[in-house]
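Structural features, examined
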Amino acid sequence: MNWLDTDPALAADGWPHGWTTAGGPDFRADPRTPELAAGMQTLRAAAGLRDVAWVHQVHGGRVLRADGPGLAGDADALWTDVPGLAVVGRGADCPLVLVGGRRDDGGAVWGFAHASWRSTVAGITASLLKDMAAAGLRAATARALVCPSAGPCCYEVGDEVREAALAKLGNGANAYFTRRGDRWLLDLWAANAAQLVAAGVPGGAITFTGLCTICGGDRYPSHRRCGEGAGRFAAFIADARTP
Ligand SMILES: [Zn+2]
């Protein structure tokens, strides 16, 4: 499928996954509408997934478990251990972080976080890993991918974002900010990788596509580059492909 990109490391570890490009369906519609559900069905069929689940992303810190296909509710992270069920996140510049890992009983747990700056400051990736661990995930077996998104080269924010990050994440969050003029460049990739590592995911098991949606061309939609009319792309992870 020429509008689905994948990561070799995640694929080699056995995780069906991928992210769409600007050439695929547009996922900008309200996630509670039939229009969005239709895009999800197009993705499901193209990627050979049995079922898909998604959330209404609200830039917060809430994590949900998907019990079955369709809209799971309002949240910025979604995980599951239901066989054949893919979880799907939507983004334009916000990093989507895909995570999959094993349980001691031979099962698996997989999920994603939508790591906008507000969700990152709220600890969305840390909370996702906490809930997945409570469901039996052994973090040492986990593999994670940071999908194309606004990179540390381009993601400018103001003082209020840095102040919120320091207040919530501690002074260590200083490391994610670089001064540029009277603004700050925020490294959301590093900030979320730190939450993965703190949860026990091996640093070497985290892949960054390194593709910036703002300066990296037009392969992916970007809110900052395209403005209010920007489309959205989607990223998914599942446990098993079914014909
Ligand atoms: Zn960039």
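Parameters and conventions
Residues numbered from 1 in each chain as written. Predicted model: local features only at pLDDT ≥ 70, side-chain atom pairs only at ≥ 80, totals over all residues. Pairing = 2+ DSSP bridges. Helix = DSSP H or I, 4+ residues; strand = E, 2+ residues; numbered from the N terminus. Contact = placed C-beta atoms within 7 Å. Axes fitted to C-alpha atoms, helices over the stretch in contact; angles between N-to-C directions. Buried ≥ 20, exposed ≤ 12 C-beta atoms within 10 Å, placed from the backbone. Core = buried A, V, L, I, M, F, W, Y, C linked by C-beta atoms within 7 Å.

1. Quick word on the sheet that holds strand S15 (residues 233–237)
Two strands in a sheet stick together by hydrogen bonds in their backbones, pointing the same way (parallel) or opposite ways (antiparallel). Taking strand neighbours across the sheet as the criterion, the six strands line up as S1-S2-S15-S7-S3-S5 in an open arrangement whose pairing is mixed. Edge positions in the open sheet fall to strand S1 (4–5) and strand S5 (70–74), since each of these has one partner strand only. Inspection of the sheet shows strand S3 (residues 51–56) paired to strand S7 (residues 85–91) by four bridges, in the parallel sense. Within the sheet, the bridge partner assigned to Trp-54 lies in S7 and is Val-88. Of the strands in this sheet, S1, strand S2 (17–20), S3, S7 and S15 touch helix H2 (residues 34–47), which is tilted by about 145° from S3.

2. Some words on the environment of Asp-13
Assignment of secondary structure puts Asp-13 in the loop between helix H1 (8–12) and S2. On the basis of neighbour counts, which here come to 16 C-beta atoms within 10 Å, the residue Asp-13 falls in the partly exposed class. Spatially, the C-alpha atom of Asp-13 lies 34 Å from that of Glu-156, the residues being 143 residues apart in sequence.

3. Quick look at the nonpolar core
Counting residues in each nonpolar core, the largest one holds 75 residues, and the members touching the most others are Leu-78, Val-87, Val-88, Leu-98, Phe-112, Ala-144 and Phe-236. No other element matches the six residues that helix H6 (residues 188–198) contributes to this core. The residues contacting Ala-144, other than those within four sequence positions of it, are Val-97, Leu-98, Val-99, Leu-196, Val-201, Ala-205 and Ile-206.

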